[in-house]
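This is what each chain is made of:
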Amino acid sequence: MKKLMGRDKDREITKPIYHLDRAVAEIEKKIIEAFEVFDHECNKTVDVREIGSIVRSLGCFPTEAELHELLAKVEEEEPTGYIHLEKFLPVMTKVLLDRSYRPIPEDVLLHAFEALDENKCGYITKEELVKYLTEEGEPFTREEMEDMLSTALDPETNTIRYRDYISMVVVDES
Amino acid sequence: MGCSSSVPDRRSEKDYTASMCAPLLSVLTVIRAAILIQNWYRFTMARLEMRRRYSLSIFQSIEYADEQDQLQLSNFFTFMLDHCTHPDSVSHIFTSPSVSQVVDEGLCLTEFENKIDVPDSYYGPRLSFPLTVEDANALLHAFRNEQLLHARYVLQLLCETRKVLKEMPNITHLSTSYSKEITVCGDLHGNLDDLLLIFYKNGLPSEQNCYVFNGDFVDRGKNSMEILIILFAFLLIYPNDLHLNRGNHEDYIMNLRYGFTNEVSRKYKDHGKQILCLLRDVFSWLPLATIIDSKVLILHGGISDTTDLDFLKALERNKLKSLMRPPKSVRDRQDQVKERIPTTRPSKHQNAAGKTQHISSSGSTEPSDPALKEWKQILDILWSDPRSQNGCTPNKCRGGGCYFGPDVTAKLFERYNLKMLIRSHEFKPEGYEISHDGKVITIFSASNYYEEGSNRGAYIKLNPELIPRFVQYRVSKYTRRQNLQERVGTIESSALKSLREKIYAHRSELTSAFAQYDLNGTGKISVTDWAAAMESVLQLELPWRMLRSHLAQMNPEGEVDYMSCFYDLKIGQPIKEVQPALVETLCRYRKDLEIIFNIIDKDHSGLISLEEFCQTWKLFTSHLGIDVHDEAIDKLVLSIDYNKDGHIDFSEFLQAFHVVHRLEKKANS
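Residues numbered from 1 in each chain as written. Chains lettered and ligands numbered in written order. Predicted model: local features only at pLDDT ≥ 70, side-chain atom pairs only at ≥ 80, totals over all residues. Heavy atoms only, no water.

Chain B has the name Serine/threonine-protein phosphatase with EF-hands in an unreviewed UniProt entry, where Mycteria americana is given as its organism. As stated in UniProt under Sequence similarities (unreviewed entry), the record for chain B gives "Belongs to the PPP phosphatase family." (UniProt positions renumbered as here; feature names shortened; annotations may be inferred.)

The name recorded for chain A in an unreviewed UniProt entry is EF-hand domain-containing protein, from Mycteria americana.

### Remarks on the overall build of chain A
For chain A, the helix and strand inventory stands at nine helices and five strands. Secondary structure of chain A in N-to-C order comes out as α-α-β-α-α-β-α-α-β-α-α-β-β-α. Counting across all 174 residues of chain A, residues that qualify as buried make up 44%. Taking all contacts inside chain A whose residues are at least 6 apart in sequence as the whole, residues at least 24 apart take part in 60%. Entry remark: accessible area of chain A is about 9,800 Å², with carbon and sulfur atoms responsible for 51%. (Helix = DSSP H or I, 4+ residues; strand = E, 2+ residues; numbered from the N terminus. Buried < 20%, exposed > 50% of the residue type's maximum accessible area, 1.4 Å probe, protein only. Contact = heavy atoms within 4.5 Å. Areas by Shrake-Rupley, 256 points an atom, 1.4 Å probe, with all protein chains shown as cover.)

### Let's talk about the UniProt feature "domain: EF-hand" (unreviewed entry) in chain B
Here, the residues flagged by UniProt with the feature "domain: EF-hand" (unreviewed entry) are residues 505-540, 588-623 and 628-663 of chain B. Taken end to end, residues 505-540 of chain B is 67% helix and 8% strand, and its first and last C-alpha atoms sit 14 Å apart.

### Let's talk about the interface of chain A and chain B
Each side of the interface is counted separately: chain A has 53 residues, and chain B has 42 residues. Approximately 4,800 Å² of surface area, both sides summed, lies buried where chain A meets chain B, with 61% of it carried by carbon and sulfur atoms. Seen at the junction of chain A and chain B, the total is four salt bridges. Across the salt bridge formed by A:Glu33 and B:Arg545, the nearest N and O atoms sit 3.3 Å from each other. Put simply, the parts of the chain that give the side of chain A that touches chain B at least two residues each are α2 (17-38), α3 (51-57), α6 (106-116), α7 (126-135), α8 (142-152) and α9 (162-173) of chain A. With eight residues, α2(A) is the largest single contributor of residues to the side of chain A that touches chain B. Along the lines of polarity and charge, the residues of the side of chain A that touches chain B split into 23 nonpolar, eleven polar and 19 charged. (Buried area = accessible area lost by both parts, 1.4 Å probe. Salt bridge = Lys/Arg side-chain N within 4 Å of Asp/Glu carboxyl O. Nonpolar A, V, L, I, M, F, W, Y, C, P; charged D, E, K, R; others polar.)

### Brief notes about the side chain of B:Asn248
All names here are of chain B. Along the chain, Asn248 turns up in the loop between β4 (242-244) and α11 (252-258). Residue Asn248 is classed as buried on the basis of its relative accessible area of 2%. Among the polar contacts listed, one links the side chain of Asn248 to the side chain of His300, at a separation of 3.1 Å. (Polar contact = N/O pair within 3.5 Å; in protein donor to acceptor, adjacent residues only side chain to side chain.)

### Comments concerning the confidence of the model for chain A
Residues and elements named next belong to chain A. Of the residues in chain A, 87% reach a pLDDT of 70 or more, and the chain-wide mean stands at 85. For chain A, helix α1 (residues 2-5) is the element with the lowest average pLDDT, namely 38, and α3 is the one with the highest, namely 95. Throughout residues 1-15 the model reports pLDDT below 50, and contacts reaching past four residues in sequence, or to other chains, amount to 20 contacts. (pLDDT = per-residue confidence, 0-100.)

### Points about the sheet that holds strand β3 (residues 210-213) of chain B
Residue and element names in this part refer to chain B. A sheet is described by the order of its strands in space; here five strands give the open sequence β4-β3-β2-β13-β14, paired in mixed fashion. A single partner strand is all that each edge strand has here, and the edge strands are β4 and β14 (468-473). Averaged over all neighbouring strand pairs, the angle between strand axes comes to 20°, with direction disregarded. In terms of strand pairing, strand β2 (residues 182-185) meets β3 through four bridges, oriented parallel. Across the sheet, Cys185 pairs through a bridge with Phe213, a residue of β3. Most of the contacts of helix α9 (residues 192-202) go to β14, to which it runs at about 125°, and overall it touches β2, β3, β13 (457-462) and β14. Against the sheet, helix α10 (residues 224-237) contacts β3 and β4, and its axis sits at roughly 130° relative to β4. (Pairing = 2+ DSSP bridges. Axes fitted to C-alpha atoms, helices over the stretch in contact; angles between N-to-C directions.)

### Remarks on the UniProt feature "domain: EF-hand" (unreviewed entry) in chain A
Residue and element names in this part refer to chain A. Per the UniProt annotation, the sites labelled "domain: EF-hand" (unreviewed entry) are residues 26-61 and 104-139. End C-alpha to end C-alpha, residues 26-61 measures 20 Å, and it is 56% helix and 8% strand. For the annotated span residues 104-139, helix accounts for 58% and strand for 6% of the residues, and the straight-line distance between the end C-alpha atoms is 18 Å.

### Considering helix α13 (residues 272-284) of chain B
Its 13 residues place the ends of α13(B) 18 Å apart at the C-alpha level, agreeing with the 18 Å of an ideal helix rising 1.5 Å per residue. Most of α13(B) sits out of view: twelve of its 13 residues are buried. (Expected span 1.5 Å × (residues − 1).)

Below you can see the structure in the form of structure tokens.
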């Protein structure tokens, strides 16, 4: 993760074709593996609500809007609530080959928090953060907000020291 | 903040500062920042979710693999139980007529009173029969304070319970008209805290508060005995308001492996044998299912395409003391199969029918032998799991019972005019799960089943309209609530720990599997080959690529140093005399050997003779088809008879074969 979070300069390496085949096979195996973790009944389907977790656990950072676009491509014509591997695999392979949904570097994330820190004092109050994240952008559900606060909030000051929070989560992820 | 509206006023003020809101903090900036943070946060949560899921997969795969080993070895255990004729061996209490007299029908409360003294120094609860609510409260109080109930009262309670259970039909019929709501609880598995929490949240059983407990009260947890005592006490007080269904763990052979036998022997040194013997009978008298308002069927596992409720209603349920001992005719057939095919576990994903010995003859075949039919009917309702695919196929993960699809459920519902099936038997992260279009509900009441934070427990409240309502809970030993990151870290490291033990126990097989891919003997293979080798040997259906970073080292070229997955493991106390292959065998079959030890150990003295050990060992290894030289065994035996008195402290010996982790990884690594 550390690598993903760091500054990732555009390094498009054009590989010879025969390498590409192997790379595709490798990528497909990775996707199938992630898919199967959520395929409880081993019948090559997963609940549509798990797709976000699968895509993201493969190192992608799609927004909710992008995720919905992706879902539209992999869903059956008449949505059943389940996604089939055979539909998901080619779409996801392309996503990984094209490197869509680029990682968010740590410094960009820090800037985002700073942007919300009006007074540039290194923290955001609980009320401010809840307001921004549940009312703006692609709003958090109450559960998401509570989960985030359970880790991010300093209960004594009722604020979020975002630098500490980011480094804690990033270390945990690496 | 209301930035946009307040901006003009603020600007006009003298004390305007750059920090006060907002030409800087435009709406667009806020939205962009919010989207970015939300995106990043959802990413980190997804990664955590993935780690949580694969950790649960590890636990479950290992659990089912163990269950399957147990079933695979049922022939052997049956053989041991049948042939272990040592005069005072423990197995004797299960078969000998002299001991069964000890717990015979005629045996009444006063006899235990005369035979077993309760010393004045005993400060636990004292029961008098018939039991009252005060007795039940005293028991709850005592168990909260970790006291034991004296063996005399346990035996008396079990005798009384058996009397009551004997009067009950195989399938209990209940009606919601007598009580406002009925509470249904699933697996408890010896987690007393869960039962106490359910009673605290939902009230004690009473005429106004009806309960159904759906099996698997015992095994795995530390307080199986206490759970049974509480449930049985309330059963005696409110026989019409508390109902028990038998689970697949209410089975004395299962108890040998999964801890209940050991728990009883440890807690009741003098009367453990008697208690276990009586329990074997009590378990066999537990009703098989409960039906509410003729509409809701409650049973432990599930159904198959041959499940026949009328047949189940009529059979003599107490004849089947253990499902792990199939009727003779099945055993013969399995023995034949055995000779042809070595024990290999089938893959979940591929159809491996016929490749492995399956304890059930599941499918549409109706056995002609009546004993066989009874056994199969009960096996199917105690061991099966629902699946979303249609049809009825053998339960390959567990090795017993079947998988039943929505069509099987629909057919049974039509035949018996049912509306809902409530079953337990399967771990669920949320404590419950709804399947088959809302027709089948799984309820699992043991929270933190695999590890602190691994899952919630739940129970169902059924109102007179038969609409289910779920109540979830989690017992926590921590005063401070762990956050999500910490919880996942704990579960993950504990799952990886059991996985590493499994890996170590298959060291030689893995090493040769790796070597097949390593043609040049570099000690390094590709990730793909490494993953293939891991799966071919362990067959746990795990995401090996994802787990690789936790299990083995990789060089910058992306190759796996395959021997590194054994680096931080070692056997507790290395015994020089024992060759490595033998150590691995002992390590892998430690649990099975423990069971065998429990069977042949005289009176739980903890000691067996060298001769007994050698004979058993030879039988066991030949049953498994393991080739161990006699010389190696002789050396081993000599090395473990520490004081050279011709006896072995077997459990101490096995302790030496625990896998130890050299460097405990950080919880969050």
